[in-house]
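# Geometric and topological summary
Below are the chains, spelled out letter by letter.
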Amino acid sequence: MIDAVMPTYARTDVAFETGEGAYLTASDGRRFLDFGAGIAVTALGHCHPHLVDALRDQAGKLWHCSNLYYIPGQEKLAQRLVDATFADTVFFTNSGAEAMECGLKIVRRHFDQAGQSERYRVICCTNAFHGRTLATIAAGGQSHLLDGFDPVVGGFDHVAFGNLNEMRAAITPETAAILVEPIQGEGGIFPATMEYLKGLREIADEFGLVLFFDEVQSGMGRSGKLFVYEWAGIEPDVMAVAKGLGGGFPVGACLVREQFASLVPGTHGTTFGGNPLAMAAANAVLDIVLSGGFLTGVEAVATRFRARLEALVADHAGVLSEVRGFGLMQAVKCVGENKALVAKLFDHGMLAIPAGDNVVRFVPPLIIEDRHVDEAMTILDASCRELGESSA
Ligand SMILES: *Cc1c(COP(=O)(O)O)cnc(C)c1O
């Protein structure tokens, strides 16, 4: 008989009961160092006191009222995001996929309103991930996401990630936008070069295309800046944000430049998106992430973690073949099965996440300190040694 919970996940046999900072405690008492952060979501670790206070305070006042009325937390959060980014206006959602859908609808409607409804196609990259809705699996374009869900939503073309010539060659009179993850996440932690991101901006400008970045995973401080595009010294026109935005509370956002803000009353909406609880959580996350020195601290600990991972790969050449990533979005590529390393780390009390291209991904909370890196490296070293011995 089928489980009451629909069996769409291959779950590890553990249930967590409590969390504190970079640690989780399971119902059987085991304690884990959490370098997965709920897939890059719990940006400030578990039960950060400022977030707990903010949510508790809001929970005693008002949970939900719908977007038929003004929500002061939305106005505050939107203004802060506008002030901190390229964007002029923000639409709040419950998830990354919905932030993506909002951006895709904005692109289509922008050209429609400009009398160019023939321009609706979006050029995406192979190996991309943009969510699990029908449109976002089409944008991702990977066969394992699309398999069984035909007909594929139309309007998406795919070119190799990192290749400006292919991007340029794929543009037709029907092209409306370029969509990329500045650091491909699910696909296997592939950071774009800054030259590539700059080149995309130039191409978008030359052909009058919307430059749409998906920073659902890479954004909210994980790179050591609030968003990865800042490192490249360019700005997108539309951007999807989610994961770290609510620090564990489900919330996403679509950030848009005024020129492309084609949605007016009646064209788009959401029941839950931007509700008072979500806004309290996200505003509390921003309080910390935007506070003085926080992002430089992220950059510094990421640099030390990266150096240690490079040394680890050098020490265990039979088990690991490569390290790649950017900021606190790092991965090691495995010689054997990545799932074997994830399981070994789990046995040693550490959580990490498999991703594409046979990598194990590390997306720890942004609040980690050197002692957490030390602990992670001790576990990684022991795990790689055991895997090396068992395969020798
Ligand atoms: C996780 C992710 C999404 C989808 O977010 P959901 O909240 O799961 O819908 C979209 N894009 C990227 C880059 C992601 O990592």
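For the structure itself, look to the data block above.
Before going into details, it helps to say that this report is about the structure given with it. (Residues numbered from 1 in each chain as written. Predicted model: local features only at pLDDT ≥ 70, side-chain atom pairs only at ≥ 80, totals over all residues. Heavy atoms only, no water.)

Now for unusual backbone geometry. Cis peptide bonds are those with omega within 30 degrees of zero, and the linkage from Asp150 to Pro151 qualifies with 0°. Along the chain, the position of Pro151 falls in the loop between helix 6 (143-146) and strand 6 (156-159). Positioned with a positive phi, Cys47 is a non-glycine residue whose angle comes to about 55°. Tracing the backbone through its elements, the reader meets Cys47 in the loop between helix 1 (37-40) and helix 2 (49-59). (Helix = DSSP H or I, 4+ residues; strand = E, 2+ residues; numbered from the N terminus.)

Inspection of the secondary structure assignment puts Met377 in helix 13 (residues 370-391). Each C-alpha atom, one on Met377 and one on Arg308, is 7.3 Å from the other, the two residues being 69 residues apart in sequence. Setting aside residues up to four positions removed in sequence, Met377 forms contacts with Phe305, Arg308, Leu309 and Leu312. (Contact = heavy atoms within 4.5 Å.)

Let us look at empty space enclosed by the protein. Counted according to the given criterion, the structure contains 1 cavity of 30 Å³ or more. Along the walls of the largest cavity sit Ala40, Ala43, Gln217, Gly219, Met220, Arg222, Gly244 and Leu366, which together make up its complete lining. Partitioned by chemical class, the residues of the lining of the largest cavity number 4 nonpolar, 3 polar and 1 charged. (1 Å grid on protein atoms, 1.4 Å probe; cavity = no way out; pocket = protein on both sides within 12 Å on 5 of 7 lines; lining within 4 Å. Points joined across faces, edges and corners; volume = space filled by probe spheres on them. Nonpolar A, V, L, I, M, F, W, Y, C, P; charged D, E, K, R; others polar.)

If you trace the 7 strands from one edge of the open sheet to the other, you get 4-12-11-10-7-5-6, paired in mixed fashion. Lying at the two open borders of the sheet, with one neighbouring strand each, are strand 4 (89-93) and strand 6. Between one strand axis and the next, the sheet turns through 20° on average, direction left out of account. Here strand 4 pairs with strand 12 (residues 252-256) via 5 bridges, running antiparallel. Residue pairing in the sheet places Thr93 in a bridge with Gly252 of strand 12. The sheet contacts of helix 3 (residues 72-84) involve strand 4 and strand 12, and relative to strand 4 the element is tilted by about 125°. (Pairing = 2+ DSSP bridges. Axes fitted to C-alpha atoms, helices over the stretch in contact; angles between N-to-C directions.)

Our focus in this paragraph is the pairing of strand 14 (residues 329-334). Looking along a regular strand, one sees side chains alternate from face to face of the sheet. Counting buried positions along strand 14 yields 5 of 6 residues, so the element is predominantly enclosed. Direction of pairing for strand 13 (residues 320-326) relative to strand 14: antiparallel, over a ladder of 6 bridges. For Leu320, the partnering residue across the bridge sits in strand 14 and is Cys334. Here strand 13 folds back onto strand 14 in antiparallel fashion, the turn holding 2 residues, of which Gly327 has a positive phi close to 60°. When strand 14 meets strand 17 (residues 359-362), the two strands line up antiparallel, connected through 4 bridges. Bridge pairing links Gln330 to Phe362 in strand 17. (Buried < 20%, exposed > 50% of the residue type's maximum accessible area, 1.4 Å probe, protein only.)

Turning to the pattern of salt bridges, a few remarks are in order. This model, assessed by the stated rule, comprises 19 salt bridges. Between Asp157 and Arg121 there is a salt bridge; the shortest N-O distance is 2.8 Å. Placement of the pair is Asp157 in strand 6 and Arg121 in strand 5 (residues 121-125), with a sequence separation of 36 residues. Classification of Asp157 as partly exposed rests on a relative accessible area of 23%. Asp237 is the partner of Arg257 in a salt bridge, and the nearest nitrogen-oxygen pair spans 2.8 Å. Taken as a pair, Arg257 in the loop between strand 12 and helix 10 (276-289) and Asp237 in the loop between helix 9 (229-232) and strand 11 (238-241) lie far apart in primary sequence, 20 residues in all. On the accessibility criterion, Arg257 (19% relative accessible area) is buried. Taken together, the shared-partner salt bridges in this structure form one network comprising Arg201, Asp205, Glu235, Asp237 and Arg257. (Salt bridge = Lys/Arg side-chain N within 4 Å of Asp/Glu carboxyl O.)

All right, on to the packing of helix 3 against helix 10 then. Relative orientation of the contacting elements helix 3 and helix 10 amounts to 35°, with a least axis distance of 9 Å. At the point where helix 3 passes helix 10, the crossing takes the left-handed sense. Between helix 3 and helix 10, the residues in contact are Gly73, Gln74, Lys76, Leu77, Arg80 and Leu81 and Met279, Ala282, Asn283, Leu286 and Asp287, respectively. In the contact of helix 3 with helix 10, the residues fall into 5 nonpolar, 3 polar and 3 charged. (Left-handed = near helix turned anticlockwise from the far one by under 90°.)

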